[in-house]
Every structure is written in C-alpha cells, then in structure tokens.
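Architecture at a glance
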Amino acid sequence: MPKRYAVILAAGKGTRMKSKQYKVLHEVAHRPMLARVIQAVKDAAIDEIYTVISPEADAVRSLAEKETHVVVQDEQLGTGHAVRQVEDQLKDKPGTTIVLYGDGPMITADTLNQLLSYHEEAGTKATVMTGITANPTGYGRIIRNAEGHLERIVEEKDATADEKVIDEVNTGIYAFDNPSLFNALTKVTADNQQGEYYLPDVVGILKAAGEPSAAYVMDDFTEAMGVNTQQDLARANQLIYRRNAERLMAEGVTILDPAHVWIDDDVTVGAQTTIEPDVHLIGRTTIGEDCHITSGSRLEDVTLADHVTIKSSMLESSTVGAFSDVGPMAHLRPNAEIHEHVHIGNFVEVKNSVINDYTKVGHLTYIGDADLGKGINVSCGVIFSNYDGNQKHRSQVGDHSFIGANVTLISPVTIADHSFLAAGSTITDDVAARDMAIARARQVNKEGYWEKLAVSDNPGNE
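Residues numbered from 1 in each chain as written. Predicted model: local features only at pLDDT ≥ 70, side-chain atom pairs only at ≥ 80, totals over all residues. Heavy atoms only, no water.

For the rest of this paragraph, the subject is the nonpolar core. In this structure, L304, I344 and L409 are the most contacted members of the largest nonpolar core, which totals 49 residues. Mapped by element, the contributors of at least two residues to this core are α9 (230-250), β13 (261-263), β16 (279-282), β26 (336-338), β27 (343-351), β29 (360-368) and β30 (370-372). Not counting residues up to four positions away in its chain, the partners in contact with L409 are V382, I383, F384, S385, V397, I403, I415, L421 and I427. Membership of the second largest hydrophobic core comes to 35 residues, among which are V41, V60, L115 and V169. (Core = buried A, V, L, I, M, F, W, Y, C linked by side-chain atoms within 4.5 Å. Buried < 20%, exposed > 50% of the residue type's maximum accessible area, 1.4 Å probe, protein only. Helix = DSSP H or I, 4+ residues; strand = E, 2+ residues; numbered from the N terminus. Contact = heavy atoms within 4.5 Å.)

On the basis of which strands lie adjacent, the open sheet formed by 9 strands has the order β14-β17-β20-β23-β26-β28-β30-β33-β36 and parallel pairing. Here the strands that pair on one side only, and so sit at the sheet edges, are β14 (268-269) and β36 (414-415). Pairing of β14 with strand β17 (residues 286-287), which is carried by 2 bridges, proceeds in the parallel orientation. Considered in β17, the bridge of V269 is made with I287. (Pairing = 2+ DSSP bridges.)

Another point: α9. Compared with an ideal rise of 1.5 Å per residue, which puts 21 residues at 30 Å, α9 spans 30 Å between its outermost C-alpha atoms and is within 8% of the ideal. Of the positions making up α9, those classed as buried are L233, A236, N237, I240, Y241, N244, A245 and L248. Burial along α9 is one-sided: seen end-on, the buried residues are contained in an arc of 165°. The exposed residues of α9 that point more than 90 degrees off its buried face are Q231, Q238 and A250. Its buried side turned inward, α9 meets β2 (27-28), α1 (33-43), β12 (254-255), β13 and β14. One or two steps after α9, the chain reaches G252, where phi turns positive at roughly 100°. (Expected span 1.5 Å × (residues − 1). Arc of directions from axis to C-beta.)

Attention now moves to the packing of aromatic side chains. For any pair of aromatic rings, the description consists of the separation of the ring centres together with the inter-plane angle of the planes. Evaluation of the coordinates by the stated rule reveals 5 aromatic pairs. Aromatic pair Y241 and W262: ring centres 5.3 Å apart, planes at 10°, arrangement stacked. With Y241 in helix α9 and W262 in strand β13, the pair connects residues that are 21 residues apart, well separated along the chain. Since its relative accessible area comes to 5%, Y241 is described here as buried. On the basis of relative accessible area, W262 is assigned to the partly exposed category, the value being 39%. The cationic tip of K392 hangs over the ring face of Y387; the distance from NZ or CZ to the ring centre is 5.6 Å. (Phe/Tyr/Trp six-rings, centres within 6.5 Å; stacked < 30°, edge-to-face > 60°. Lys NZ or Arg CZ within 6 Å of the ring centre and 35° of its normal.)

What follows concerns unusual backbone geometry. Look at the link from G327 to P328: it is a cis peptide, with omega at 10°. Position of P328 relative to the elements: it lies in the loop between β24 (325-326) and β25 (331-332). Non-glycine residue A45 carries a positive phi angle of around 60°. Inspection of the secondary structure assignment puts A45 in the loop between α1 and β4 (48-53). Of note in the backbone geometry, D301 takes a positive phi value of approximately 55° without being a glycine. Turning to its location among the elements, D301 is positioned in the loop between β19 (298-300) and β20 (303-304). Residue classification places D301 among the partly exposed positions, given a relative accessible area of 34%.

Attention now goes to the environment of S395. Checked against the element boundaries, S395 lands in strand β33 (residues 395-397). In this structure, S395 is in contact with D369, A370, D371, F384, S411, P412 and V413, ignoring residues within four places of it in sequence.

Right, let's get into the pairing of strand β6 (residues 96-101). Taking burial as the measure, the 6 residues of β6 include 5 buried ones, the bulk of the element. Inspection of the sheet shows strand β1 (residues 4-9) paired to β6 by 6 bridges, in the parallel sense. Residue pairing in the sheet places Y5 in a bridge with T97 of β6.

So, about the environment of V253. Tracing the chain through its elements places V253 in the loop between α9 and β12. Note: C-alpha distance between V253 and Q272 (19 residues apart in sequence) is 5.3 Å. In this view, V253 contacts L248, V269, G270, T273 and I275; residues no more than four positions away in its chain are not counted.

In this section: the pattern of salt bridges. Using the criterion set out here, one finds 17 salt bridges in the structure. Here K93 and E48 are joined by a salt bridge, their closest N and O atoms 3.0 Å apart. Residue K93 is located in the loop between α4 (87-90) and β6, and its partner E48 is located in strand β4; the two are separated by 45 residues in the primary sequence. Notably, a salt bridge pairs E349 with R333, separated by 2.7 Å at the nearest N-O pair. Here E349, found in strand β27, pairs with R333, found in the loop between β25 and β26; they are 16 residues apart in sequence, far enough to count as distant. A residue is classified by how much of its surface remains accessible, and R333, at 28% relative accessible area, is partly exposed. One network of salt bridges, with partners in common, ties together K351, D369, D371 and R394. (Salt bridge = Lys/Arg side-chain N within 4 Å of Asp/Glu carboxyl O.)

Here it is, written out as structure tokens:
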C-alpha cells in the first residue's frame, strides 16, 4: 500500500462565528472541531498528518501539535496557497495526500478510507469527494461527461442556470497523487476576483495535462458539513448527538426521544437500558444493562453497574453499584463511590466518599470525605463537617449504624458498628460499637413566658 498523508487546513479565523475563539476550537459534543478531524484522520491509518494554521493561533497550535506536524500560513492567500505550506515536507514523497478542513467535524474515518481506496484503485491523480444534496447553493457543482466521468468543477458564481440545478457538489475534500499535487500547485494562479490560489484549480490543471481525475460520491452528505456560523455549530452538535444515539439504539438501548439527548462519542450503554429525554451523557461515561436514566440527569465520566436508576440528578467522576438508585435532585461529586443496593435520595450531595451496600441516605444530606459501612440509615439533614477552614478531614461510620435527623459529624470522627447517633446531635468524639451518642443541650421550658411578652391574641393589634 502506498504511503498516505493528510493536510488539514485550519488557518481560518471564522469571522462569521462572531466569536473571540478560533473557529476550529469550538466544541462539537464537548470536543474541539479540529480534534474531531484529527481523530478521524488518525483512525484512517494516515502515515503523516500536517495541520496548517495561522501565525498567531497559539491555542490551535497547542492542540494540533500533540498529534500532527504543524506548519504556518503567514498570509491567507487561499486553499491552494495553504496546501503549498507543506510542499517542502511532502513534494518528493510518493504516495497519496488527502486534503480536508479543520472545521468539518462530521467526517469519519470510514468515509476517508472509502475515498482513499477508490482513489488508489482507480489510479487517478486527483479524486474529489462529492455529495448529493437537495440544496446545492454555495457549493461548486460537479460536471460529468456523457460517460459519467468528472469533466470539471464549476464554482457557483461561474455556473450557468442549468449548472446551478445540478445536485452533485464538491465537498472540498480531495485525494491526490502526491508528486502530481505539488507539481500542479506551482501552476495555480491568483487570477481571480479574490486574488487567491484555489485548490480546486489543481483538478483542471491535471486534466489539461492529460492526467486522470475522478469524483467519488460519499454515502452521507452530512459528513461534509462545514461549520461557519453559530447556527452551523448548533446543527453539528445535533447531528453528532443523533449519530451517537442511533449507535446505542442499534445495540439495544431504549432512547425515548433521540432528538433530545446529548450523548458523547465515548459513552457506552448496556442493552435494555432506558434513557429518557433531556439526559446528558458526557465524556467517558459507562452505563450497564437494565438501567434507567430519567429526564434532567447529567452524567459526566461516570460508571454505572447493571440495574441502576438515576432520577433527575447530576453525577461527576463517580461510580454507582448494581441495584442502587440516585435522586431525584441528588449530586454525586468527584470520587463518590456508591456500592450495591444503596439509596441516595433527593437533595443529597456526596463527595470523595465511599458508601457501602444497603446503606440508605434519604434526603437533604451532605456526605464529604467519609467512609460509610453497610446497612446504615442516614436520616434527614445530616452533615459531615469535613473542612476546618484549612484542610479536609475524613470520618468513618461502621456497619448497621443509625444517624438521626439533623446530626452534624465534626470530622475526623470514627463511629463504630451498630452505633446510634441521636437526632440533633453534634458529634465531635468517636463512638464505640453499640453505643448511643447524644450531644445536644437539655430542653428547658419557661413557664408563663407568653404573658411576659405582652403580645395580644389579635394579629391586627401591635
């Protein structure tokens, strides 16, 4: 197989985005567009990848140089000029070069491989990837001869009325014989209204020289989508999320409304799991089988075992064991480790803590930096006071203990197995096994105090 190279054009600033951020750094499904393009190219088994950037784009360079060679286009003089920036690196290397754009986040490795295979098997010097669209406005039209072969590419501004109705368009993605590409680029001129050097001119130059060119029609035209406006960005997000939802549904996941879920690329979900609308599954989230995620939930870098229910809650960098449930309106912060058959109820927050099997935390509780054993009952309004203003402290609660309502544990404390913490207590000392701790002031009733206040029974009389 010949060597394969890729040139990603990422020097545009994207003024139509009306953003301070470089266009290719805008995120689609929580990943920069350029990162998506680089990943697709890598997955297509390209030997060398080059990214063309503008000179002041330090943030773009920082991203691109992690996995590609970076070259700088000092002046924005068109796509042909941009590709010439890698001339010194590639012109003498035999093989195939693909050219694509850093603002095309929908492209996949499969489609790039199909283009490369078609190009190499046909033995052409240039192959343009085309697409069929019901709305070709803004694209260059593909003109084929009577035999169906590529005749030429006509830009819309130069197209006749008959040519404008052609629905096969140029996607701007190409495969070239490498030496032929750079030889032809030296003949491209800037004799046009914009005074720029256009890459599509290479196809005409090669054809005039008798070199064979071809057009390959991609299966899914949405992969050719470029992002130039905020509206485009929103549509790209929708398409990626829909693509990921379709992938999961094909694997046996029930998604009640695929148009209204956000599912990132690295998310995996087991069969027979149900995902309701308005659910966000972010980052490297893994969900087991037979789970149920209800509306309003957001899971980021979370691992759920089988048979877990999440009700309208937020989970971050946490794990939940089998047959456990979380929510509604609970918050698992980073390093919350929930074991099996655990109940985390409404308005419960857990951070950097371990909660073992069959423990129940019903409502309105904060558990931070703590290790809770098995079978514990945590009543309403419990607080683990883990921060002294300078550093965090950790507490332990033993198996089958009972923590009454409105108890505050001043960490660090150790509560042994089968302990009982009376409601309203502030616990500052360790509690031994099977003991009950009461830490609250004794109630005092003041007789006849109402009369001392001299308050009338008439609410309108002050």
